[in-house]
Amino acid sequence: MRKLISSSLLLACASFTLPAAASECGKVTIADMNWASATVIANVDRFIVEHGFDCDAELVPGDTMPTGAAMIEKGQPDIAPEFWSNAMREALDKGVAEGRIRYAGTTLSDGGEEGFWVPAYMVEKDPTLATIAGIRANAKLFKHPEDPTKSALMGCPSGWNCQISTTQLFTALDLEASGFELLDPGSGAGLSGSIAKAYERKEAWLGYYWAPTSVLGKYKMVKVDFGTGVDKDEFVNCTTQIDCLNPKVTMYPPSAVESVVTEEFAKRAPEVVAYLAGRSFTNEQMNALLAWKEDEQADGDYIVEYFLTNHEEIWTQWVDAPTAAKVKKALAEL
């Protein structure tokens, strides 16, 4: 009888310890960076971490440099879901080496994407316009808005880092010899607006843009192939350097976009880190989500409800069946 009582007590104690183990991650802070795709991912992560892994998840404001520095130096926030890590690679790698942070997974499977683009309807009419050779041969299609004797390539706004690379590639591609002038759109809104205007009128357009963005979700664009592939050393050491006097042609390499977590959190909640390791969006998926977000003027909660409801085929691949069931239950209770 005493053995039976002892066994019952042990089972009771074990049953009381299970909830504590399940909620070991406790309070979790997630950086909500100040751009659209990062907000989407941060909100999705918050809901899944909270309801799928029983954490007390909270979003905190973030930006690349201050968030990275705070994670390395202060151990907060716990998670940066969308970190364009090349922006401070040296500091991040040092933080990893010192056991302060770790890379937890690839957020955008394609990486951040940059390039020179043309509208898809142009390529459908003439497939050669997907190549730089075709662009040069048809330069007169890309009419300059102010000078009819010239063609126009819409560059990156003044003051943005990408203005250096677009200028260097314009030089390396020798587009001036084909009659092109590199134009400054004045702002990000001016750049995206020029694409929207061209699309509405089905006009020719050539210029710089990047993904993931709502613009590339709304307007089907084709990235122009320079025919060179990617020369990463050239891109890092010359294309992106304003004082490089002899740039050569290279395609833009994809930018690493990763999830970063503090080492303390990784040890405290390995199951959440495993989720982050498997959680990834393609640029096409994110472009479409951003276009929907902009059209609907959706806030974080609405984004989460829309994505989890309409794209089970994506997010259920990131978690096991019991976790997915918990997330679905919470979703049904909204």
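What you see is a predicted model; the values in this text were computed from it and never measured. (Residues numbered from 1 in each chain as written. Predicted model: local features only at pLDDT ≥ 70, side-chain atom pairs only at ≥ 80, totals over all residues. Heavy atoms only, no water.)

Trainee: For this particular structure, what's the right way to read the overall build of the protein?
Mentor: The secondary structure content of the protein amounts to 16 helices and 10 strands. Along the longest, intermediate and shortest principal axes, the C-alpha atoms of the protein span 100 × 40 × 30 Å. Here the contacts in the protein between residues at least 6 apart in sequence split such that 72% fall between residues at least 24 apart. Of the accessible surface of the protein, which amounts to about 16500 Å², a share of 54% is contributed by carbon and sulfur atoms. Considering the protein, the positive charge centre built from 29 side chains and the negative charge centre built from 47 side chains are found 3 Å apart. (Helix = DSSP H or I, 4+ residues; strand = E, 2+ residues; numbered from the N terminus. Contact = heavy atoms within 4.5 Å. Areas by Shrake-Rupley, 256 points an atom, 1.4 Å probe, with all protein chains shown as cover. Lys, Arg positive; Asp, Glu negative; His and termini not counted. Charge placed at Lys NZ, Arg CZ, Asp CG, Glu CD.)

Trainee: Just to check I follow, could you spell out the packing of aromatic side chains for this structure?
Mentor: Each pair of aromatic rings is reported with the distance of its centres and the angle of its planes. Using the criterion set out here, one finds 16 aromatic pairs in the structure. Residues Phe142 and Phe180 carry aromatic rings whose centres are separated by 6.0 Å and whose planes lie at 40° to one another, so their mutual orientation is tilted. Placement of the pair is Phe142 in the loop between helix 6 (132–137) and strand 6 (151–154) and Phe180 in strand 7 (residues 180–183), with a sequence separation of 38 residues. For the pair Phe142 and Phe180, a shared accessibility class is recorded, and that class is buried. With centroids separated by 5.2 Å and ring planes inclined at 70°, the aromatic side chains of Phe281 and Trp318 adopt a geometry described as edge-to-face. Remark: Trp318 occurs in the loop between helix 15 (312–315) and helix 16 (321–332) and Phe281 occurs in the loop between helix 12 (270–278) and helix 13 (283–296); sequence separation between them is 37 residues. Owing to a relative accessible area of 1%, Phe281 belongs among the buried residues under this scheme. For Trp318, a relative accessible area of 9% gives the class buried. (Phe/Tyr/Trp six-rings, centres within 6.5 Å; stacked < 30°, edge-to-face > 60°. Buried < 20%, exposed > 50% of the residue type's maximum accessible area, 1.4 Å probe, protein only.)

Trainee: Please clarify how the state of the cysteines should be interpreted in this entry.
Mentor: Disulfides are covalent bonds that connect the sulfur atoms of two cysteines. Counted by the stated rule, this structure contains 3 disulfides. Between the sulfur atoms of Cys156 and its disulfide mate Cys162 the distance is 1.7 Å. For Cys156, a relative accessible area of 2% corresponds to the buried category. Note on Cys162: relative accessible area 11%, which makes it buried. Here Cys238 connects covalently by a disulfide to Cys244, the sulfurs 1.9 Å from one another. Disulfide Cys238-Cys244: the torsion about the S-S bond is -85°, which places it as left-handed. Here Cys238 and Cys244 have matching classes, each one buried. Indicated for the protein is the disulfide connectivity 1-2, 3-4, 5-6, based on numbering the bonded cysteines in sequence order. (Disulfide = S-S within 2.5 Å.)

Trainee: Help me out: how do you make sense of the pattern of salt bridges in this one?
Mentor: As a working rule, side chains carrying opposite charge can pair if their charged atoms are close by. For the structure on display, the rule yields 17 salt bridges. Residue Glu181 is joined to Lys150 by a salt bridge in which the shortest nitrogen-to-oxygen separation is 3.2 Å. Of this pair, Glu181 sits in strand 7 while Lys150 sits in the loop between helix 6 and strand 6, and the two are 31 residues apart along the sequence. The exposure class of Lys150 is partly exposed, given its relative accessible area of 36%. One connected set of salt bridges, linked through shared partners, spans Arg46, Glu50 and Asp301. (Salt bridge = Lys/Arg side-chain N within 4 Å of Asp/Glu carboxyl O.)

Trainee: Where do I start with the confidence of the model for the protein in this structure?
Mentor: Detailed reading of the predicted coordinates is not advisable wherever pLDDT falls low. A residue-level look at the protein finds 93% of positions with pLDDT of 70 or above and a mean pLDDT of 92. Between residues 1–23, whose pLDDT stays under 50, and residues either more than four places distant or in other chains, the model counts 3 contacts. (pLDDT = per-residue confidence, 0-100.)

Trainee: What exactly am I supposed to notice about the packing of helix 13 against helix 14 (residues 300–310) here?
Mentor: Their axes nearest at 11 Å, the elements helix 13 and helix 14 cross at an angle of 130°. Regarding the angle of helix 13 to helix 14, the classification is oblique. Considering how the two elements wind past one another, helix 13 and helix 14 form a crossing that is right-handed. Of the residues in helix 14, those touching helix 13 at Leu289, Trp292, Lys293 and Glu296 are Tyr302, Ile303, Tyr306 and Phe307. (Axes fitted to C-alpha atoms, helices over the stretch in contact; angles between N-to-C directions. Parallel < 35°, antiparallel > 145°, perpendicular 65-115°, else oblique. Left-handed = near helix turned anticlockwise from the far one by under 90°.)

Trainee: I tried to follow helix 14 on my own but got confused; where do I start?
Mentor: Residue pairs spaced three or four apart in an α-helix point in one direction, given the helix's 3.6 residues per turn. The set of residues buried in helix 14 consists of Gly300, Ile303, Val304, Phe307 and Leu308. On an axial view of helix 14, the arc spanned by its buried residues comes to 110°, and they lie on one face. Tucked inside the fold, the buried residues of helix 14 contact helix 2 (36–53), helix 13, helix 15 and helix 16. (Arc of directions from axis to C-beta.)

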